[in-house]
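Structure at a glance
Below are the chains, spelled out letter by letter.
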Amino acid sequence: MKRYFLASLLALALPALASAQPTQTSEFSALEKEVEAARIKFKIPGLSLAVLKDGKLVYTHGFGLRNVAKKLPATPETLYSIGSSTKAFTAASVLMAVDAGKVKLTERPVTYLPYFKLRDPEASAQITVSDLLCHRSGLPRTDFMMLAAEGTLSRKELIQAVGQAKPTAKLGEKFQYQNILFAAAGEIAATAFAMPYEQVIETKIFAPLGMTRSTLSVAKALADKDHATGYDPATQKPLVWRDIAATAPAGAINSSVVDMAKWVEALLQGAKPLLSTESYAAMTTQQMAMSPTIGYGYGWFLPKWRGISVVEHGGNIDGFNAEVAFIPEKKWGLVMLSNVSQSPMAAEIQEIVWRNLSGEKSAQKKPTPSDSVKPAAPSVPTKDEAGSYVSTTPAMTMKVTFDKDHLVLNVPGQPPYAMQHAGGRAYRLAPPLPEGFKATFDEKGMLWEQPGVKMLLAKETTNVYKAPLTVDGLLAKMLEAVGGKVAWSKHKSRVDTLMVDFENQGMQATGENYQSQGKQAQRLDVTAIGKKIGWIANGYDGKAVWISFSFLPPQPTRNSERFRAEADLAMGLLEPKALFEKFAITGTDKVEGEECYVLVKTTKSGERMTDYVSTKSFFVLRRDTDTPEFYSDFRESGGVIVPHRSVQKNPSMGSIVTTIQSTRWDVPVDSKVFNAPK
């Protein structure tokens, strides 16, 4: 790693960079029409856009409304939360400390933060400041704890808490986005400059660049007359601005496109006068590979647009979506800020802006399933495309399943994606995901395409499995194994005292699980480093599933036959055919080395539950629904056999280990416990 020299400019009071006045000419009329059409298409209430050309700001515009109820227009000066686009500022502040000779990227974080420690001793001894800035710590996303602990734990305590999370990879093994460790990087800059992180950003970046309206304070942003109201993309209802003071270095900046354009302008000039040439190069050079075509520098993603290197970082936080990008080679840049969460516009805006700056005309829109013209009928029945598709380079298996009337793409570690037919044997991921994610099937397998990536995956061939016993025979053995019909028929209710370890989040919980008459509820108090940080409640009231958190807005509910089966007191074994319409033994597989029958159960509405049943004990060792869950420690309780330990593999939260401490059978359960908290 290169050593960086002391930049004497840091000690000076620097003037703001002069920006050219944006021009509103016919040069951008086509771009303006495209952006407005995309805004309407993606149901974005309001957004603001800044475009830079030849390294200077040349265009700004507000689209739609910053506040729908009050009918207030979005303007170039409207303040939005920029979310994770903050990370580039944090990385720059650390590199400024490097230039000042106060920090070394090759040094361990504990050198600057004495309390910094990771659960894995080897990783704790070897991790560097550089690792924090490019997401290669081995820790997964711990956003659940980040949100739960906000307002309860200080930044120092949050960094200590994440240190207790179990890693999901070796240090440097793979890219895993990590918000709290970026907060640790921000604290390193704060320690180096002997001032709070917020003051570092304000005095060393905002002030020199003239970003006078940017702030890390939600209160100050809300006090500004020209601030946006954030909205939920599904309901279009307004959301409260989330204040993430404890993890501010990961995503707390609030700004306008005019202010952010000053930041991009500086970056297009090599980050002068903020950074040395060496530090700027390090920030915008790949430090960690994400895929064969995309890398990550320090606080920046590094994809390509038509073979040209792009430096970009988006941001998502309650009610807001941001995209900040620039192309050093072309001296192009853009800032898009909008007031709706998780908008596809972040990906769309780059294509629109770069194409318009290059002088290209808008491409002809290809038909999609949402258009009035229907795509050609599938040449192969849709359900026949289901199966496992395997790639060796990179090593990956994608599973495509058929659910009711459409395909679902299952990627390891990610939520399921609904697929829409796009003609012939081609399918795309359904909105609100952006266009450009496409699967085309043929006799050999599947061609997967996404921006910058094409990958061939071979379809695994399967033989029709002939089970040595019937479905009824297997169901009978499963019930007998856990105590039998007579024993289970005696029980009418159950209350379990639980201990839960969110082991990849660094937090724990205690509480109770209630079951009675086809209803289920769970109420947990959540702790981290010994402090209560919030609560979680979830359940099924007989009609719909619900989930509530002390730290998140109310979550949507839905009806589901499958949840009735999951809430069943007898684990769905006493009257399985009252819960499911179809059963099939599709083969065998191993769970923790033990041979299991694979039993697929389907409800009348087409929802599936897959049980992996031991061929020896006939216990269910694994159950797949939205996520896989593994069962062990089978013990007698109340005259029946129940698993006392379960491990849920959640793609966003990691492993959730639940242990039953005690069980009370057939006790009165207040029906109110099954209703969602108000």
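The structure contained in this document is the topic of the report that follows. Predicted, not measured: the structure shown is a model, and the values here were computed from it. (Residues numbered from 1 in each chain as written. Predicted model: local features only at pLDDT ≥ 70, side-chain atom pairs only at ≥ 80, totals over all residues. Heavy atoms only, no water.)

1. Points about the overall build of the chain
Note the cut-off: Secondary structure elements are defined from DSSP: runs of H or I of at least 4 residues count as helices, runs of E of at least 2 residues count as strands, and each element is numbered from the N terminus. Between the two quantities, the radius of gyration covers C-alpha atoms and the globule rule is 2.2 Å times the number of residues to the power 0.38. Throughout, exposure labels follow a simple rule: accessible area from a 1.4 Å probe, protein chains only, divided by the maximum for the residue type, with under 20% read as buried, over 50% as exposed, and the rest as partly exposed.
Secondary structure assignment for the chain yields 17 helices and 36 strands. For the chain, the C-alpha radius of gyration of 27 Å lies close to 26 Å, the compact-globule estimate for 678 residues. Taken along the three principal axes of its C-alpha coordinates, the chain extends 85 × 60 × 50 Å. A total of 678 residues make up the chain; the buried ones form 54% of that total.

2. Here we look at the packing of aromatic side chains
Definition in use: Here the aromatic set is Phe, Tyr and Trp, taking the six-membered ring for Trp, and pairing holds for ring centres within 6.5 Å; pairs whose planes are under 30 degrees apart are stacked, those over 60 apart are edge-to-face, and all others are tilted.
Counted according to the given criterion, the structure contains 21 aromatic pairs. With a centroid separation of 5.3 Å and 45° between ring planes, the pair formed by Phe549 and Phe551 is classed as tilted. Taking 4.2 Å as the distance between ring centres and 15° as the angle between the ring planes, the aromatic pair formed by Phe619 and Phe634 counts as stacked. Placement of the pair is Phe619 in the loop between strand E32 (608–614) and strand E33 (620–624) and Phe634 in strand E34 (residues 628–637), with a sequence separation of 15 residues. Accessibility expressed as a relative area gives 17% for Phe619, which makes it buried.

3. So, the pairing of strand E14 (residues 320–327)
Put simply, the rule reads: Only when DSSP finds a minimum of two bridges between them are two strands counted as paired.
The buried fraction of E14 amounts to eight of the eight residues, a majority that puts the element mostly inside the structure. Bridge analysis of strand E13 (residues 311–317) against E14 gives seven bridges, and the strand direction is antiparallel. When the bridges of E14 are listed, Gly314 appears paired with Glu323. Hairpin connection between E13 and E14: a loop of two residues separates the two successive antiparallel strands, and Gly319 in this loop has a positive phi of roughly 85°. In the sheet, E14 pairs with strand E15 (residues 332–338) via seven bridges, with the strands oriented antiparallel. Considered in E15, the bridge of Phe326 is made with Gly333.

4. Concerning the layout of surface pockets
Cut-off, in case you're wondering: Cavities and pockets are found on a 1 Å grid laid over the protein atoms alone: a cavity is a set of points where a 1.4 Å probe fits but cannot escape, a pocket is an open set with protein on both sides within 12 Å along at least five of seven lines, and a lining residue has an atom within 4 Å of such a point. Grid points are joined across faces, edges and corners, and a volume is the space filled by probe spheres set on the points. Throughout this entry, Asp, Glu, Lys and Arg are counted as charged residues, while Ala, Val, Leu, Ile, Met, Phe, Trp, Tyr, Cys and Pro are counted as nonpolar. The remaining residues, Gly among them, count as polar.
Roughly 320 Å³ of internal volume is contained in the second largest pocket. His491, Arg564, Asp568, Leu569 and Leu574 are the residues nearest the centre of the second largest pocket, which is lined by 14 residues in total. Of all the secondary-structure elements, those providing two or more residues to the lining of the second largest pocket are helix H15 (485–489) and helix H17 (576–579). For the lining of the second largest pocket, the per-class residue count stands at six nonpolar, four polar and four charged.

5. Comments concerning the side chain of Asp131
The test is simple: What makes two residues a contact is simply this: any of their non-hydrogen atoms within 4.5 Å.
Assignment of secondary structure puts Asp131 in helix H4 (residues 129–133). In this structure Asp131 comes out as buried when scored by relative accessible area, which is 7%. With near-sequence residues (within four places) excluded, Asp131 lies in contact with Gln126, Arg136, Ser137 and Leu171.

6. Regarding the nonpolar core
The condition is simple: In this description, a nonpolar core means a group of buried Ala, Val, Leu, Ile, Met, Phe, Trp, Tyr and Cys residues linked to one another through side-chain atoms lying within 4.5 Å.
Ranked by internal contacts, the top residues of the largest apolar core, which has 115 residues, are Phe89, Trp263 and Trp300. The greatest single-element share of this core, amounting to 10 residues, is contributed by helix H7 (residues 179–193). Those residues in contact with Trp263, other than ones at most four positions away along the chain, are Ala88, Phe89, Ala92, Ile205, Leu209, Met211, Leu274 and Trp300. Grouped together as the second largest cluster of nonpolar side chains are 34 residues, Leu475, Met478, Val482 and Val642 included.

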